Amino acid sequence: MIVTRSWLNEWIDLKGISTDDLCKTFNSIGLEVDSVATYDIPKKIIFGRVVECEKHPDADKLNVCKVDIGTSVRQIVCGASNVRVGLDVVVATIGAVMPGGLVIKPVKLRGVESEGMICSATEIGLQDCQDGILEIDSSIGKYSLGQEISKSPIFSDDVIEIELTANRGDCLSIRGVARDLSAAYDRPLKTHKVNESDNKKGIGRLLNLSHDRDLDVNLSYRAIELKNLSLPFIIKLRLAQIDDTRDTDIDSMMLYTTHTSGVILRAYNYSFFTKENDIMAKVELGEDENDFACIVGNEEKASTVGVIQNDASKVTYDEGTVILEASYIPPDIISKKMSLSKVESCPAFYRTSRGSEPELCGGISLCLDILESSSDSSVFSGSIDFGKSHKDTLISLKKQEIDEIIGANIKKVTINKILKNLGFNISKSSSDNFVVSVPQYRHDIVNKQDIIEEIVRLVGIDNIPAKPFIFTEENKLKDDYFDYKKRTIFRHRCANNGFFESVHFVFDERKVLEGFGFDTVEEELELLNPIVNTLDTLRTTLMSGLLKAASNNVKAGYNQVKLFEVGSVFNAKREESLKIAMLFSGDKESQSLLNSGKPAKIDFGLFSQKISDIIGEFELKEYETSHSLSHIYQSAEVIVDGESIGELFRVHPNVEKSYDLEATYLCELDFDKIPYGLKTAKNSSKYQASNRDLSIIMPKDMNFDKLKSVINENATKELINFYPVDRYTDESLGDNVSLSIRFILQSDEKTLEEDDITSAMDAILDSLTNELGIGLRE
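The structure reproduced in this document is the subject of the present report. It should be emphasised that the depicted structure is a prediction, and the values quoted were computed from it without experimental measurement.

### A short note on the overall build of the protein
Part 1: The helix and strand tally for the protein stands at 18 helices and 36 strands.
Part 2: At 40 Å, the protein has a C-alpha radius of gyration far larger than the 28 Å of a compact globule built from 778 residues.
Part 3: Counting only residues that meet the buried cut, the protein has 47% of its 778 residues in that class.
Part 4: Restricting the contact set of the protein to residue pairs at least 6 apart, pairs at least 24 apart contribute 69%.
Part 5: On the protein, roughly 40,600 Å² of surface is accessible, and the fraction owed to carbon and sulfur atoms is 47%.
Part 6: Taking the average place of the 90 positive charges on the side chains of the protein and the average place of its 125 negative ones, the gap between the two points comes to 6 Å.

In structure tokens:
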């Protein structure tokens with residue numbers, strides 16, 4: 001946002017405040033100053049008036065001018081095409097040293113004496129605001145011939161560029177910035193009153209607005225009979241200072257008033273809305289195919305409100321009837337629609353989406369006032385308005401809350417002044433309670449903390465007295481510490497097992513997630529302004545990011561890729577949770593003499609062991625994932641203490657191929673469900689453990705969970721563990737399979753004898769025979 005000191009002074013009295021102090025104030029109230037440029041017009045450059053102008057006798061492109069400089073009339077030869085009699089100009093007199101170093105001296109140009117130079121904007125160090133020499137007019141204020149132009153506040157101005165955060169759309173105008181200064185300096189904001197004559201024609205004679213439904217827009221229409229419009233010099237200069245121009249004078253006027261007041265303004269061609277032999281302009285408000293509010297005339301779209309104006313409806317003439325429109329749309333509504341549709345927009349959309357000024361009457365009246373004073377135009381009285389009445393947000397807070405959060409006692413008078421100068425309305429339900437009404441232009445204020453932040457930035461953080469820390473003996477090891485410690489420990493375990501940490505944005509590409517069958521955030525909860533199209537939603541899994549990272553590593557020449565990430569994911573309701581994911585792709589080990597330089601690829605068993613080394617013991621259960629990343633025959637559910645905590649699988653070959661990967665395995669776990677806490681000591685037997693292997697004949701389609709359940713229910717207390725060690729099948733077994741299970745037995749009381757072991761094994765075999773109909777292989 002670019003402002004100038006003289007421009008701000010039209011809205012707030014800055015008398016007695018230096019530009020350095022002004023910049024310090026901007027920084028202290030959160031409007032960070034990015035740059036400051038000061039005009040330094042040299043001495044002996046003065047105001048003059050061309051009283052005679054004749055062609056040079058020996059040069060077609062030169063003119064011999066007589067210029068009144070107050071104390072005398074000087075002859076100056078000028079080559080500008082726009083020089084003419086009666087024009088007030090800027091004159092560099094004899095002895096003046098120009099910004100480029102040129103010293104003005106008496107010279108002869110093609111035999112004609114010249115005593116000075118009539119200057120253009122760039123020649124005296126200003127922005128290039130018009131072609132040819134400067135044409136000075138009364139818009140710069142009072143001046144006299146012969147007066148040095150450096151004494152005019154317009155020519156001794158300071159141009160200040162302010163860096164605004166995205167939520168401060170209320171400061172995207174001179175008036176908005178002045179409003180913050182009003183609160184900082186406790187000086188009143190100036191108002192611009194416009195007096196309308198009673199004998200003007202009413203707008204109802206030539207304009208009719210119709211709509212078929214209620215829309216979330218506010219509109220105000222005025223009309224003017226344009227005649228002899230001449231853009232004032234100060235407007236040309238200021239538009240050049242903000243580095244923004246328009247093709248026509250009327251559009252330049254709209255831009256200037258919008259930058260001044262913050263109200264979004266457009267000028268429409270009157271004939272666009274009229275039919276042949278009909279003087280009534282019929283403006284229709286409706287919705288286009290993308291649900292944007294739009295203005296239509298004669299069944300042709302004139303503009304998308306707050307977004308863009310069609311060229312056919314723009315004003316291209318200097319004289320005739322012009323329809324002016326002021327508009328406001330809540331920024332959250334227009335931003336959400338734009339994120340869904342991505343339609344073409346113009347520069348005005350930036351203001352609309354950040355929050356423009358909703359006081360439409362003030363902006364459009366200011367524009368008409370400038371138009372009238374800069375031309376022979378006549379304004380139609382009255383306006384045609386459309387919109388809903390706005391109910392300000394009410395926020396209640398106590399004086400005690402303010403003081404506790406700030407850490408200082410702020411006087412109630414100070415609080416009242418700050419909030420009222422910022423445009424907030426305050427009512428007190430009691431002596432120490434405030435009910436604050438938030439104005440519509442402050443859409444960023446939603447809770448009491450936001451109100452207190454406004455108080456802090458206007459009081460100034462440096463003006464809040466420092467207090468010593470108060471130390472109390474209390475347990476500082478809160479839950480967040482243990483969460484951090486758990487996260488750190490598991491990150492270190494991953495690293496110790498050869499996995500490299502990968503860190504990604506919490507955003508992902510919605511199309512990719514949906515393509516793999518993952519849930520995505522519901523449409524109404526989606527991001528309004530994604531940073532790029534490929535990061536347009538909140539991620540619901542860590543695995544897609546790891547696959548992309550693995551693919552990049554493989555393309556960089558790595559034969560083995562081991563990655564992990566601990567991070568937040570979001571469900572369809574945008575509820576956040578923490579997960580950990582591990583990826584192993586390619587060679588299971590590095591090339592070496594032992595594997596003849598041809599290591600095998602990673603397999604399911606080795607990957608499962610790696611995961612066990614990180615999170616501890618777990619069980620795997622046959623599982624079918626809800627997405628299409630996994631191999632249909634190599635996927636399992638991870639079970640810890642009887643609870644499912646995630647999934648482990650090989651990536652589907654088609655997905656591996658699409659990412660240029662070799663054999664790749666993934667595991668994603670709910671981080672909060674991974675066991676972590678104090679280790680509990682358990683009794684350990686001092687007697688020797690015994691092993692027994694049994695080969696069981698069972699149907700191929702029988703799940704191991706069935707055997708496990710039966711064995712656990714019927715095992716004696718001496719059985720401390722069992723697990724499968726071999727699986728064998730051949731034609732002689734038919735539809736059966738031989739599964740070898742190793743049993744580990746141990747007693748806390750004695751060394752087990754053969755009879756004890758045999759008895760325990762018989763109990764297990766009997767239960768398997770009786771309940772499942774299976775037994776030993778003969």
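There's plenty left to go through after this.
### Observations regarding the sheet that holds strand β14 (residues 281-287)
Whenever strands of a sheet pair, they do so through backbone hydrogen bonds, lying parallel or antiparallel.
Part 1: With respect to topology, 5 strands assemble into an open sheet ordered β11-β14-β15-β16-β17, the strand pairing being mixed. The open sheet has two free edges, formed respectively by β11 (207-211) and β17 (308-309), since each of these has just one partner strand.

### So, the packing of aromatic side chains
Part 1: Going through the model one piece at a time under the given rule, you end up with 13 aromatic pairs.
Part 2: Summarising the aromatic geometry, the rings of Y268 and F273 are spaced 5.6 Å apart at their centres and angled 80 degrees between planes, so their arrangement reads as edge-to-face. The pair Y268 / F273 is uniform in exposure class, with both members buried.
Part 3: Ring geometry for F490 against F671: centres 5.7 Å apart, planes inclined by 80 degrees, an arrangement best described as edge-to-face. Note that F490 is positioned in helix α12 (residues 479-496) and F671 in the loop between β32 (664-670) and β33 (690-699), a separation of 181 residues in sequence. Residues F490 and F671 agree in their burial class; the two are buried.
Part 4: Taken together, the ring pairs connect F47, Y143, F155 and F233 into an aromatic cluster.
Part 5: Sitting over the ring of Y441, R179 keeps its end group 3.7 Å from the ring centre.
Part 6: One residue, K562, lies across the ring of F499, its end atom 5.3 Å from the ring centre.

### Notes on the nonpolar core
Part 1: If you look at the biggest cluster of nonpolar residues, it comprises 102 residues, and the most contacted ones within it are I124, F155 and L371.
Part 2: In terms of residue count, the dominant contributor to this core is helix α8 (residues 360-373) (7 residues).
Part 3: The residues touching L371, leaving out its near neighbours within four places in the chain, are I224, L226, L229, I250, M253, M254 and L324.
Part 4: By size, the runner-up hydrophobic cluster in this structure holds 31 residues, among which are Y268, F273, I334 and I384.

### Describing the environment of V655
Part 1: Looking at the secondary structure, you find V655 in helix α16 (residues 653-658).
Part 2: Exposure remark for V655: the relative accessible area of 7% places this residue in the buried category.
Part 3: Remark: the alpha-carbon pair of V655 and F516, spanning 139 residues in sequence, is separated by 9.4 Å.
Part 4: Sequence-distant contacts of V655, defined by excluding residues within four places in its chain, comprise F516, L547, S628 and L629.

### So, the sheet that holds strand β1 (residues 2-4)
Part 1: The strand order across the open sheet formed by 3 strands is β1-β10-β2, and the pairing between neighbours is antiparallel. The open sheet has two edge strands with one neighbour each: β1 and β2 (32-38). Between one strand axis and the next, the sheet turns by 25 degrees as a mean value, whatever way the strands run.
Part 2: One ladder, built from 6 bridges, connects β2 with strand β10 (residues 158-163); its direction is antiparallel. Across the sheet, the residue bridging to S35 is E161, located in β10.

### Some words on the environment of L134
Part 1: Assignment of secondary structure puts L134 in the loop between β9 (117-118) and β10.
Part 2: Separated by 14 residues in the primary sequence, L134 and S120 place their C-alpha atoms 5.1 Å from one another.

### Quick notes on helix α6 (residues 331-341)
Part 1: Within α6 the residues assigned to the buried category are P331, I334, S335, M338 and S339. The arc that holds every buried residue of α6, seen down its axis, measures 135 degrees, which confines them to one face.
Part 2: Looking at the buried side of α6, the elements it contacts are β18 (320-328) and α7 (348-354).
Part 3: Immediately beyond the C-terminal end of α6, within one or two residues, lies K342, with a positive phi of roughly 55 degrees.

### Regarding the pattern of salt bridges
Side-chain pairs of opposite charge can arise whenever the charged atoms involved come near each other.
Part 1: One pass over the full model with this rule turns up 35 salt bridges.
Part 2: E454 is the salt-bridge partner of R442, the closest N and O atoms lying 3.0 Å from each other. You can see R442 sitting in the loop between β23 (433-438) and α11 (448-459) and its partner E454 sitting in helix α11, a full 12 residues away along the chain. Summarising the burial analysis for this pair, R442 and E454 share the class buried.
Part 3: Taking the shortest distance from any N to any O, the salt bridge between E454 and R457 comes out at 2.9 Å. In this pair, E454 and R457 are both assigned in helix α11, 3 residues apart and thus about one turn of the helix distant.
Part 4: E454 sits in the buried class, given a relative accessible area of 4%.
Part 5: A relative accessible area of 12% places R457 in the buried class.

### A closer look at the pairing of strand β30 (residues 630-640)
Part 1: Of all the 11 residues making up β30, 8 are buried; the element is thus mostly covered by neighbouring parts of the structure.
Part 2: Sheet analysis places strand β29 (residues 619-622) next to β30, joined by 4 bridges and oriented antiparallel. Its bridge partner being in β30, L620 is matched across the sheet by V638.

### Re the state of the cysteines
Part 1: Applying the stated rule across the entire model yields 0 disulfides.
Part 2: Summary of cysteine pairing: C346 is not part of a disulfide, and the nearest cysteine sulfur, belonging to C294, is at 15 Å.
Part 3: The structure places no disulfide on C494, whose sulfur is separated from the nearest cysteine sulfur, that of C667, by 9.7 Å.

About the cut-offs
- Residues numbered from 1 in each chain as written.
- Predicted model: local features only at pLDDT ≥ 70, side-chain atom pairs only at ≥ 80, totals over all residues.
- Heavy atoms only, no water.
- Helix = DSSP H or I, 4+ residues; strand = E, 2+ residues; numbered from the N terminus.
- Rg over C-alpha atoms; globule rule 2.2 N^0.38 Å.
- Buried < 20%, exposed > 50% of the residue type's maximum accessible area, 1.4 Å probe, protein only.
- Contact = heavy atoms within 4.5 Å.
- Areas by Shrake-Rupley, 256 points an atom, 1.4 Å probe, with all protein chains shown as cover.
- Lys, Arg positive; Asp, Glu negative; His and termini not counted.
- Charge placed at Lys NZ, Arg CZ, Asp CG, Glu CD.
- Pairing = 2+ DSSP bridges.
- Phe/Tyr/Trp six-rings, centres within 6.5 Å; stacked < 30°, edge-to-face > 60°.
- Lys NZ or Arg CZ within 6 Å of the ring centre and 35° of its normal.
- Core = buried A, V, L, I, M, F, W, Y, C linked by side-chain atoms within 4.5 Å.
- Axes fitted to C-alpha atoms, helices over the stretch in contact; angles between N-to-C directions.
- Arc of directions from axis to C-beta.
- Salt bridge = Lys/Arg side-chain N within 4 Å of Asp/Glu carboxyl O.
- Disulfide = S-S within 2.5 Å.

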